[in-house]
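Single-letter residue listing:
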Amino acid sequence: MGLSILNRSRHKKWEVDYESIGYLLLYLMLLSLSVFYLQHIFGRLILGYHKPAPKKMPTLPLRFNQDGQFKILQVADMHYANGAVTSCEDVFPSQFHSCSDLNTSAFLNRMIQYEKPDFIVFTGDNIYGPDSADAADSMDAAFAPAVKSKIAWAAVLGNHDQESTMTREELMSYISVMDYSISQVNPLWNNHNTSQRQRFGQINGFGNYNIEVKGAFGSEFENVSIFNLYFLDSGDRSVVPGIPGYGWIKESQLTWLQDVSAVLQDANRVGPETQSNLAPALAFFHIPLPEVRHFRASGIVGEKQEQVGCASVNSGVLNTFIHSGDVKAAFVGHDHVNDFCGKTEGIWLCYGGGFGYHAYGKAGWSRRARVIMANLEKGQKMWQGVTDIRTWKRLDDEELTKINEQLLWSKQ
């Protein structure tokens, strides 16, 4: 019997041979299975076959180094898209043909190698969603220098991150499982009060969490959180009918911050119960607070070159910082050609300055990064608690020029 589907007898017209069709289909199915298994086997032998690798973690907990310092690199608004094929914004015409997302990566690599930070913080618009073909690929490339450095890092979201192929929740979930990231989707609240656990499970946004920094090894504070870092999701656009503009930090987030601040202060007070002995804290989010609009040029450190792009709603973030008592400064991005710090009610509010080359900027105005350093007090035999917090910026020029060094807080 052959595989001819159409047979013709001496006295009959052409007719279908259904038995032959069945054999042909069986033959094609066996051929497909053979190809699949050959690809699977040769894929293991030739291309290599790897099970999903476990996440690589930095040394935890974070702590001050033996020089009594803890240095943070803030990276604001990378606006990463598709790597070498992504053009730069607002550079000189002579730079345009050779400038891409790779310039952003090169700047981040230079900053890591030069400043050698203990921790890296990305304050939103890490990728530029509208131009990103695949959000996960863009994030992999954007955060690659931090991952390669094996330094602990964390991120919050801006208003453009979710405008590609992933939601805000998916983005934070992905970021939280990347190598050396200690970001969280939302708080891991370990309070024994069940009602509080349930309440914080419904916190607004994605990317609200805190990170503790312990004292130096060998000191009496080596197991104490003497420096606390709060991360907040400031949202993207308003979803409230009748209220236009950008998003804002919500009541549930501020309630969480107040409560976790109180728990940390109670557990980790460094010395007698006085305001100066509270473990200082910093906050990181993307969209600036409405209070930033009122800073005048004479009262700031840095440059104000554009209108402050804040929410039209004042949700009381600054008041929460004031009443909590531990937050000494907050750091944002969003407005790329603003890089200033201004002080109100005893709290510094600081921009990181535009970092990414696919983000809008100003030709001739160098991309920049902010560095924040906390220093320990030197005791007679060992390091004590935090004595001051300072900041400065570096420009992406030949010298990585250092500008605007200032004192943000001092225990004295």
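Placed above this text is the structure.
Caption draft 1: Molecular detail of the overall build of the chain. Each helix and strand counted, the chain has eight helices and 16 strands in total. Counting across all 412 residues of the chain, residues that qualify as buried make up 52%. Residue pairs in contact within the chain that sit at least 24 positions apart in sequence constitute 69% of those at least 6 positions apart.

Caption draft 2: Structural view of helix α3 (residues 101-115). With 15 residues, α3 should reach 21 Å at 1.5 Å per residue; the first-to-last C-alpha distance of 21 Å fits that figure. Among the residues of α3, those classed as buried are D101, T104, S105, F107, L108, M111, I112 and E115. For α3, the arc enclosing every buried residue in end-on projection is 160°, short of the 170-degree limit, so these residues lie on one face. In the core, the buried residues of α3 are packed alongside β4 (69-75), β5 (119-123), α4 (135-149), β14 (368-378) and β15 (383-395). Immediately downstream of α3, the backbone of K116 shows phi near 50°, a positive value.

Caption draft 3: Up close: the pairing of β5. Burial analysis of β5 places five of its five residues in the buried class, which makes it a mostly covered element. By the alternation rule, side chains of β5 split into F119, V121 and T123 and I120 and F122, which are all buried. By the bridge criterion, four bridges tie β4 to β5 in an arrangement that is parallel. Pairing of Q74 across the sheet is with V121, part of β5.

Caption draft 4: Broad picture of the packing of aromatic side chains. Counted by the stated rule, this structure contains 15 aromatic pairs. Seen in terms of ring centroids, F64 and F227 are 6.0 Å apart; in terms of plane orientation they differ by 55°. Their pairing is tilted. Taken together, the positions of F64 in the loop between β3 (62-63) and β4 and F227 in strand β8 (residues 225-231) put the pair 163 residues apart, joining distant regions of the chain. When the ring of F122 is compared with that of W153, the centres are 5.7 Å apart and the planes differ by 90°; the resulting orientation is edge-to-face. With a gap of 31 residues between them, F122 in strand β5 and W153 in strand β6 (residues 153-156) connect regions that are remote in the sequence. We note that F122, like W153, is buried. Cluster of aromatic residues (ring-pair linked, three or more members): F64, F70, F119, Y209, F227, F231, F284 and F331. The ring of Y246 is capped by R237, whose NZ or CZ atom sits 4.6 Å from the centre of that ring.

Caption draft 5: Just the state of the cysteines, in detail. Applying the stated criterion across every chain, the model contains two disulfides. Paired by a disulfide, C88 and C99 hold their sulfur atoms 2.0 Å apart. Between C88 and C99, the S-S dihedral sits near -85°, and the bridge is therefore left-handed. Placement of the pair is C88 in the loop between β4 and α2 (93-96) and C99 in the loop between α2 and α3, with a sequence separation of 11 residues. Taken as a pair, C88 and C99 share a single burial class, namely buried. The residue that forms a disulfide with C341 is C350, at a sulfur-sulfur distance of 2.1 Å. Between C341 and C350, the S-S torsion sits near 120°, and that sign places the bridge as right-handed. With respect to burial, C341 and C350 carry one shared label: buried. If the cysteines joined by disulfides in the chain are listed in sequence order, their pairing comes out as 1-2, 3-4.

Caption draft 6: Inspection of the pairing of strand β16 (residues 402-410) at higher detail. Relative to β16, β15 is paired through six bridges, and the arrangement is antiparallel. The partner of D388 across the bridge, within β16, is S410.

Caption draft 7: Seen up close, the sheet that holds β14. With mixed pairing, the six strands of this open sheet are ordered in space as β6-β5-β4-β14-β15-β16. Looking at strand neighbours, the two that pair on one side only are β6 and β16, the edges of this open sheet. Each strand axis lies, on average, 20° off the axis of its neighbour in the sheet, ignoring direction. As judged from the six bridges shared by β4 and β14, these two strands associate in the antiparallel manner. The residue bridging Q74 from the neighbouring strand is R370, located in β14.

Caption draft 8: Looking closely at the nonpolar core. Counting residues in each nonpolar core, the largest one holds 68 residues, and the members touching the most others are F119 and F227. With 28 residues, the next largest nonpolar core counts W256, L257, A281 and C310 among its residues.

Caption draft 9: Quick look at the sheet that holds strand β12 (residues 341-344). Strand order in the open sheet formed by eight strands is β3-β7-β8-β9-β11-β13-β12-β10, and the pairing between neighbours is mixed. Taken across any chain shown, the strands that pair with only one partner, and hence form the sheet edges, are β3 and β10 (300-301). Of the strand pairs in this sheet, β10 and β12 are connected by two bridges, and their pairing is antiparallel. Paired with V301 across the bridge in β12 is C341. Against the sheet, helix α7 (residues 251-267) makes contact with β7 (209-214) and β8, and its axis sits at roughly 170° relative to β8, the strand it touches most. The sheet strands contacting helix α8 (residues 317-324) are β9 (281-284), β11 (327-332), β12 and β13 (347-351), and the helix crosses β13 at an angle near 135°.

Caption draft 10: Spotlight on the environment of I211. With respect to the helices, strands and loops of the structure, I211 is situated in strand β7. When the C-alpha positions of I211 and P61 are compared, they lie 8.9 Å apart, and in sequence the two are 150 residues distant. Dropping the residues within four chain positions of it, I211 is found in contact with L62, F119, A154, I182, F227, N228, L229 and F231.

Caption draft 11: Looking closely at the pattern of salt bridges. For the structure shown, the criterion picks out 11 salt bridges. With a shortest N-O distance of 2.6 Å, D233 and R168 are connected by a salt bridge. Residue D233 is located in the loop between β8 and α7, and its partner R168 is located in helix α5 (residues 168-176); the two are separated by 65 residues in the primary sequence. Judged by relative accessible area, D233 falls into the buried class, the value being 4%. On the accessibility criterion, R168 (10% relative accessible area) is buried. A salt bridge links E405 to K402; its shortest N-O distance comes to 3.4 Å.

Criteria and thresholds
- Residues numbered from 1 in each chain as written.
- Predicted model: local features only at pLDDT ≥ 70, side-chain atom pairs only at ≥ 80, totals over all residues.
- Heavy atoms only, no water.
- Helix = DSSP H or I, 4+ residues; strand = E, 2+ residues; numbered from the N terminus.
- Buried < 20%, exposed > 50% of the residue type's maximum accessible area, 1.4 Å probe, protein only.
- Contact = heavy atoms within 4.5 Å.
- Expected span 1.5 Å × (residues − 1).
- Arc of directions from axis to C-beta.
- Pairing = 2+ DSSP bridges.
- Phe/Tyr/Trp six-rings, centres within 6.5 Å; stacked < 30°, edge-to-face > 60°.
- Lys NZ or Arg CZ within 6 Å of the ring centre and 35° of its normal.
- Disulfide = S-S within 2.5 Å.
- Axes fitted to C-alpha atoms, helices over the stretch in contact; angles between N-to-C directions.
- Core = buried A, V, L, I, M, F, W, Y, C linked by side-chain atoms within 4.5 Å.
- Salt bridge = Lys/Arg side-chain N within 4 Å of Asp/Glu carboxyl O.

Coordinates in, geometry out; function isn't part of it.
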